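# Fold and contact review
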Amino acid sequence: MAESTEKKKKVREPKEVVVVKNTYDYQRMKLDRLMRNPEKPVQLPERPKEKKAVSDPPDFVRNVMGSSAGAGSGEFHVYRHIRRREYARQKNIQIMSEKDKKDEDFRQKLENNQRQAEERTAKKRAKRLKKKQLMKATGKKHKTDASRSSQQETSSSSDTPDTADEPEDHPKNKPEDDPENKSEDNCTPDTTGFE
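Being a predicted model, the structure only gives us computed values, none of them experimental.

How each quantity is defined
- Residues numbered from 1 in each chain as written.
- Predicted model: local features only at pLDDT ≥ 70, side-chain atom pairs only at ≥ 80, totals over all residues.
- Heavy atoms only, no water.
- Helix = DSSP H or I, 4+ residues; strand = E, 2+ residues; numbered from the N terminus.
- Buried < 20%, exposed > 50% of the residue type's maximum accessible area, 1.4 Å probe, protein only.
- Contact = heavy atoms within 4.5 Å.
- Areas by Shrake-Rupley, 256 points an atom, 1.4 Å probe, with all protein chains shown as cover.
- Patch = residues over 30% accessible without salt bridge, like charges linked within 9 Å, V, L, I, M, F, W, Y side chains within 5 Å.
- Salt bridge = Lys/Arg side-chain N within 4 Å of Asp/Glu carboxyl O.
- Lys, Arg positive; Asp, Glu negative; His and termini not counted.
- Charge placed at Lys NZ, Arg CZ, Asp CG, Glu CD.
- pLDDT = per-residue confidence, 0-100.

Let us look at the overall build of the protein chain. A count of helical and extended segments in the protein chain gives three helices and zero strands. Along the protein chain, helices and strands appear, N-terminal first, in the series α-α-α. Evaluated residue by residue, the protein chain yields a buried proportion of 1% over its 195 residues. Within the protein chain, contacts between residues separated by at least 24 positions form 29% of all contacts whose residues are at least 6 apart in sequence. When the accessible surface of the protein chain is totalled, it reaches about 20,400 Å², and 53% of it is carbon and sulfur.

Before going further, it helps to spend a moment on a nonpolar patch on the surface. Taken together, L31, L34, M35, V42 and L44 make up a surface patch of nonpolar side chains, about 550 Å² in accessible area. Note that L34 resides in helix α2 (residues 23–36). Judged by relative accessible area, which is 46%, L34 ranks as partly exposed.

Enumeration according to the criterion identifies four salt bridges in this entry. Close ionic contact of R89 with E86 constitutes a salt bridge, the shortest N to O distance being 2.8 Å. You can see R89 and its partner E86 sitting in helix α3 (residues 75–155), three residues apart, about one turn around the helix. Accessibility expressed as a relative area gives 14% for R89, which makes it buried. With a shortest N-O distance of 2.6 Å, R107 and E111 are connected by a salt bridge. In this pair, R107 and E111 are both assigned in helix α3, four residues apart and thus about one turn of the helix distant. On the basis of relative accessibility, which here comes to 36%, the residue R107 falls in the partly exposed class.

A cluster of basic side chains, namely R120, K123, K124, R125, K127, R128 and K131, defines a positive patch on the protein surface. The partly exposed category is assigned to R120, whose relative accessible area is 49%.

Glancing now at the confidence of the model for the protein chain. When the pLDDT values of the protein chain are averaged, the result is 75; 58% of them are 70 or greater. The lowest-confidence element of the protein chain is helix α1 (residues 2–8), averaging 56 in pLDDT; the highest-confidence one is α2, averaging 89.

Okay, here's the thing in structure tokens:
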């Protein structure tokens, strides 16, 4: 007996009384308790398993109540409990179907938005590539024109007209009366609205 009482009388450290005034003090107290013994493994709780939201309908009902005479006063409470359970089950089924419908609508909306974004980027990419190819083509043309004009300047005299450097189809070389020279940019739009 004496040995069992000695085992119970372990020397315990005096505990400090900490008054928790706010969440900071509470968190600090928990961290201090954890850091007293860092070798001790920390037990992390597992996530609770999801409960089956919709219970299965009963296979058979033992206490079938009919409209016959002889039902006791306690049968009403049994009926009310069964009815409440069935209504809750049907409500859960309805909530789950609405949730599934909303999830499906959201997924379709995301896919639609992603498809539209891909179409826009593809369109812009094609436009960029077309512009880049056009710039390459005109850049080479300008380079050849510039090299040709530099050769002409060195070989020709200074009394050549200024229009020699520009191609024949340039707007400066065409008269203003020429119908080919008129572009759509020079036209004023019809603001009257009548046609």
